[in-house]
Amino acid sequence: MNENLKEILICELEAELDAAKKISVQEIADEIYSIGFQCLICSKCCRRDFGDNRVAVTTTEIHTIECSYNSRWEEIAEPFVAEAKSPEEECETNAADGLIDEEGNIHTFGWMLRRKKNRDCSFIPDDTTNHRCEIYKLRPLLCSTYPFYMEGLKLNTSECEGVGKEIGAQESYALAELVLKRYILELEDTILTYKNYNGFETGENGKNIAESCLKQGYLNYVVHYSEGSYRIVRNI
Ligand code: SF4
């Protein structure tokens, strides 16, 4: 991403942020009320078997969990990666997208909650009959607002069996407040990420180095996020 493109993206995001701050909570609440929703506490959105369960987290959310549970950053979050069928496919896609640098590091933007080997969220019990989130009170906004999210100033709904169930007006309003809060925090986080981003050098050997690391059971990542860049090794 060159400096020009970076400036354009930041300008577009800042304009979106200004517009997002003017959205009426009541209008979003009315939409949620007419769509309807009730959480069935099935934990399907936390488990990989039922679809894309990546949970994007902001820097502030990671710090909150870190402090409250006395956990290390790497125990909470991992690089936000595209969903791939295998690590080999992930390597291939990142190389094609020019996201591997000359030292074989894969560059990503932002964080998501760490997942287990089976790719369930690391905060959901292994016992699939137990649906209790282990960090329920501090779960990220993506979780507490699921299945609703804002994109391009519009309310969207993800797939969920609870959609269409009756919801009260007060509950809709509380959910709308959280949905808008999340939208604004995510935009602010992304703007800061781009402002701190200084690019990297790609090289012909990068993909070979990454593939050789993969054969040894790991991949190196550089995550660009709102506080700068962070190099992290992910065991595969
Ligand atoms: S943090 Fe909790 S609610 Fe969110 S995906 Fe993980 S287990 Fe589910």
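Small disclaimer: the values here were computed from a predicted structure and weren't measured.

What counts and how
Residues numbered from 1 in each chain as written. Predicted model: local features only at pLDDT ≥ 70, side-chain atom pairs only at ≥ 80, totals over all residues. Heavy atoms only, no water. Helix = DSSP H or I, 4+ residues; strand = E, 2+ residues; numbered from the N terminus. Buried < 20%, exposed > 50% of the residue type's maximum accessible area, 1.4 Å probe, protein only. Polar contact = N/O pair within 3.5 Å; in protein donor to acceptor, adjacent residues only side chain to side chain. Contact = heavy atoms within 4.5 Å. 1 Å grid on protein atoms, 1.4 Å probe; cavity = no way out; pocket = protein on both sides within 12 Å on 5 of 7 lines; lining within 4 Å. Points joined across faces, edges and corners; volume = space filled by probe spheres on them. Axes fitted to C-alpha atoms, helices over the stretch in contact; angles between N-to-C directions. Parallel < 35°, antiparallel > 145°, perpendicular 65-115°, else oblique. Left-handed = near helix turned anticlockwise from the far one by under 90°. Nonpolar A, V, L, I, M, F, W, Y, C, P; charged D, E, K, R; others polar. Near = heavy atom within 4 Å. Phe/Tyr/Trp six-rings, centres within 6.5 Å; stacked < 30°, edge-to-face > 60°.

Before going further, it helps to examine the side chain of histidine 107. With respect to the element layout, histidine 107 can be found in strand E3 (residues 106-109). Given a relative accessible area of 4%, histidine 107 falls into the buried group. A polar atom in the side chain of histidine 107 sits 2.8 Å from the side chain of aspartate 101. A distance of 2.8 Å separates a polar atom in the side chain of histidine 107 from a polar atom in the side chain of histidine 224. Ignoring anything within four residues of it in the chain, the contact list for histidine 107 reads Leu99, Asp101, Phe200, Val222 and His224.

Turning to the environment of glutamate 102, a few remarks are in order. Secondary-structure assignment places glutamate 102 in the loop between helix H5 (87-96) and E3. Overall, glutamate 102 belongs to the partly exposed group, its relative accessible area being 42%. The contacts of glutamate 102, once residues within four sequence positions are left out, are Glu201, Thr202, Gly203, Gly206 and Ile209.

Evaluation of the coordinates by the stated rule reveals one cavity of 30 Å³ or more. One number sums up the size of the largest cavity: a volume of about 40 Å³. As for the largest cavity, its lining consists of Ala56, Thr58, Glu61, Leu141, Leu142, Arg182, Leu185 and Glu186. Of all the secondary-structure elements, those providing two or more residues to the lining of the largest cavity are helix H6 (141-145) and helix H7 (169-196).

For the rest of this paragraph, the subject is unusual backbone geometry. In this model, tyrosine 146 is joined to proline 147 through a cis peptide bond whose omega is 15 degrees. Along the chain, proline 147 falls in the loop between H6 and strand E5 (148-151). The residue asparagine 70 is not glycine, and still its phi comes out positive at about 50 degrees. Note on placement: asparagine 70 falls in the loop between helix H3 (59-69) and helix H4 (73-76). Exposure remark for asparagine 70: the relative accessible area of 73% places this residue in the exposed category. Residues other than glycine seldom take positive phi values, yet leucine 153 does so here, at roughly 70 degrees.

As a packed pair, helix H2 (residues 25-35) and H7 sit with axes 8 Å apart at the nearest point and diverge in direction by 120 degrees. The orientation of H2 relative to H7 falls into the category oblique. Considering the relative orientation of H2 and H7, their crossing is right-handed. Every residue of H7 that contacts H2 at Val25, Gln26, Ile28, Ala29, Ile32 and Tyr33 is listed here: Ala169, Ser172, Tyr173, Leu175, Ala176, Glu177, Val179 and Leu180. A class-by-class count of the residues in the contact of H2 with H7 yields eleven nonpolar, two polar and one charged.

With that out of the way, let us pick up the site of the ligand. The immediate surroundings of the ligand are formed by Cys46, Val55, Leu113, Cys121, Phe123, Ile124, Cys133, Ile135 and Cys143. The residue inventory of the shell around the ligand, partitioned by class, reads nine nonpolar, no polar and no charged.

The tally for this structure, following the rule as stated, stands at eight aromatic pairs. Aromatic pair phenylalanine 37 and phenylalanine 148: ring centres 5.8 Å apart, planes at 85 degrees, arrangement edge-to-face. Taken together, the residues span a long stretch of sequence, with phenylalanine 37 in the loop between H2 and strand E1 (56-57) and phenylalanine 148 in strand E5 at a distance of 111 residues. For the pair formed by phenylalanine 37 and phenylalanine 148, the shared burial category is buried. With centroids separated by 6.2 Å and ring planes inclined at 20 degrees, the aromatic side chains of tryptophan 73 and tyrosine 230 adopt a geometry described as stacked. On the criterion of sequence distance, the pair formed by tryptophan 73 in helix H4 and tyrosine 230 in strand E8 (residues 228-235) is long-range, its members being 157 residues apart. Overall, the relative accessible area of 7% leaves tryptophan 73 in the buried class. Look at tyrosine 230 and you get partly exposed, because its relative accessible area is 23%. Ring pairing ties together the aromatic residues Trp73, Trp111, Tyr225 and Tyr230, which thus form one cluster.

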